[in-house]
Amino acid sequence: MNEYILSGIIGAIIGYLMNMFIDFMKSIVKNYRTRKISDSLKMTNFKASNAYMPIDHAVPQYCEENICLKYINQSFIIPIPQNCRKELEDLGFEYHVETQYRTPELIEVFKNLGIDNYESVIKESAQDVAEKFLLDLKSGYIRFNGYLFGIDSMRTNRCGTEENAALSMDFYRTDYFTYRVFANIYQKYKDKFSLRSIRELNAIPHFLSSFGLGCYIIASDGQEDYMIIAHRGSNIIVDQNKLHFSMNEAFSMLDIDMFGNPSLVSCLYRGLKEELGISEAYNSNILRYGFMDLSIDVDRLECGISCYTRLRFNNSFTIEQFSELYKSSKDKELETTELKFIPMKSLRSFIKENESSFSSGCLCGLYSLLTRYEAKQI
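Parameters and conventions
- Residues numbered from 1 in each chain as written.
- Predicted model: local features only at pLDDT ≥ 70, side-chain atom pairs only at ≥ 80, totals over all residues.
- Heavy atoms only, no water.
- Helix = DSSP H or I, 4+ residues; strand = E, 2+ residues; numbered from the N terminus.
- Buried < 20%, exposed > 50% of the residue type's maximum accessible area, 1.4 Å probe, protein only.
- Contact = heavy atoms within 4.5 Å.
- Arc of directions from axis to C-beta.
- Polar contact = N/O pair within 3.5 Å; in protein donor to acceptor, adjacent residues only side chain to side chain.
- Expected span 1.5 Å × (residues − 1).
- Phe/Tyr/Trp six-rings, centres within 6.5 Å; stacked < 30°, edge-to-face > 60°.
- Axes fitted to C-alpha atoms, helices over the stretch in contact; angles between N-to-C directions.
- Parallel < 35°, antiparallel > 145°, perpendicular 65-115°, else oblique.
- Left-handed = near helix turned anticlockwise from the far one by under 90°.

Novice: When you look at the overall build of the chain in this model, what are you seeing that I'm missing?
Specialist: Broken down by element type, the chain carries eleven helices and eleven strands. When each of the 378 residues of the chain is scored for burial, the buried share is 50%. Long-range pairs, those at least 24 residues apart, make up 71% of the contacts in the chain with a sequence separation of at least 6.

Below is the structure:
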């Protein structure tokens, strides 16, 4: 055989084997990083840190095909008390007709909590909340009674040979007033609740009448990565004047896909547009996104999921343009007062120096995100 042909064959074989070896080593490194992150995060499940308690971690993120969300076509609405209804409506706060949902289970929940006469407890809290909304609206705060998704049930799993994280959730329809009523009841009887497993959470669906999406934006100018941290204002009810997620949005009945199913992606893009001014015109600057950690705020009994978004600045979309879009965004005055751009390489030191200024959910989620970022998983 011609020696040139032979050497070519040998070279091709060596190249093939080298590529196989490189792919094998990449796989080993990837699996090592994944296991290391997974082991670190799993240790925290259902162990509260301040007000934040993790439920499930996806490493590095939930694949979209492994997220299954459904609307069960049921509603749960607590009516606004008659004595406050007209005044609230005159101030622009919508009234929604009362609806029932899993009433036998609701009665059982209150019974198991050792709370007598659930109807009077709900009525009392509804009155408290209505009066608080009246006071807020008369003081000039923005309050509106939008429809929300409440959690009927949730399930986490691992699937496939790589044991990728999977998440399934069923939702019912509720509204902001109902959410605040059950948050009020929870505050009064917090010590009676046990939150140690998903099974226990699924047993109290009426109290899970809100679900949130907390988004961290990692923005790049081509030279450096920055974390965008928002500073919440005094118009918001929770986490006032705290350093917070880049964008934080309640999962609402507006957030559906083309088939009418609840959609976290729709919620993400709506939040980016309404809170930060990033409209569809700038979708090409959103390089990728991922949903990471399922958690619950034990102070408010509010579940949520964290996500990250990679945002790219260039000549057609500069940091200055983004800042102007943010200033004129729909919910800017309601949600935040300013945005901070923190270099990712300095983020740990910034967190340490400002730890007490962060909301608990944002703070714990940031550490979780940094674990993935530093392992080059996002």
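Novice: Teacher, can you tell me more about helix α2 (residues 82-90) here?
Specialist: For an α-helix the count is 3.6 residues per turn, leaving residues at separations of three or four pointing the same way. Where α2 is concerned, the buried positions are Cys84, Arg85 and Leu88. In a view along the axis of α2, the buried residues occupy a sector of 120°, so they form one face of it. Facing away from the buried side of α2 by more than 90 degrees, the exposed set consists of Gln82, Asn83, Lys86 and Asp90. Looking at the packing, one finds that the buried side of α2 touches α4 (118-138).

Novice: Hey, could you run me through the environment of Lys138 in this one?
Specialist: Note that Lys138 resides in helix α4. Considering only alpha carbons, one finds Lys138 and Leu88, 50 residues apart in sequence, at a separation of 9.7 Å. Sequence-distant contacts of Lys138, that is, excluding residues within four places in its chain, are made with Glu87 and Leu91. Engagement of the side chain of Lys138 in a polar contact is seen with the side chain of Glu87, the distance being 2.6 Å.

Novice: It is not clear to me how helix α5 (residues 176-188) should be interpreted in this structure. Could you clarify?
Specialist: Here α5 is 13 residues long and its end C-alpha atoms lie 19 Å apart, about the 18 Å a rise of 1.5 Å per residue gives. Summarising burial for α5: eleven of the 13 residues are buried, a large majority. Those residues of α5 not exposed but buried are Tyr176, Phe177, Thr178, Tyr179, Arg180, Val181, Phe182, Ala183, Asn184, Ile185 and Tyr186. Along its buried surface, α5 packs onto α3 (103-112), α4, β3 (147-159), β4 (164-175) and β10 (302-312).

Novice: I would appreciate a short explanation of the packing of aromatic side chains in the present structure.
Specialist: When we look at a pair of aromatic rings, we describe it by the centre distance and by the angle of the planes. With the rule as written, the count across this model stands at 29 aromatic pairs. Where Tyr269 meets Tyr289, the ring centres are 6.1 Å apart and the plane angle is 90°; that geometry is what we call edge-to-face. Within this pair, whereas Tyr269 is found in helix α7 (residues 264-276), its partner Tyr289 is found in strand β9 (residues 286-297), the two being separated by 20 residues in sequence. An aromatic cluster is defined as three or more aromatic residues linked by ring pairs; in this entry it consists of Phe76, Tyr101, Phe110, Tyr118, Tyr172, Phe182, Tyr186, Phe193 and Phe207.

Novice: Honestly, the side chain of Thr178 in this entry has me stumped. Any pointers?
Specialist: Within the secondary structure, Thr178 is located in helix α5. You can call Thr178 buried: its relative accessible area is 0%. A distance of 2.9 Å separates a polar atom in the side chain of Thr178 from the backbone nitrogen of Ile78. Within the structure, Thr178 has its side chain in polar contact with the side chain of Asp175 (distance 2.6 Å).

Novice: Help me out: how do you make sense of the packing of α2 against α4 in this one?
Specialist: What describes two packed helices is the angle between their axes and the distance between those same axes. Where α2 meets α4, the axes come as close as 10 Å, and the angle between the chain directions of the two elements is 25°. Of the possible angle classes, the one that applies to α2 and α4 is roughly parallel. Crossing of α2 against α4: the hand is left-handed. Packed against α2, whose contacting residues are Asn83, Cys84, Glu87 and Leu88, the element α4 presents Gln127, Ala130, Glu131, Phe133, Leu134, Leu137 and Lys138 at the interface.

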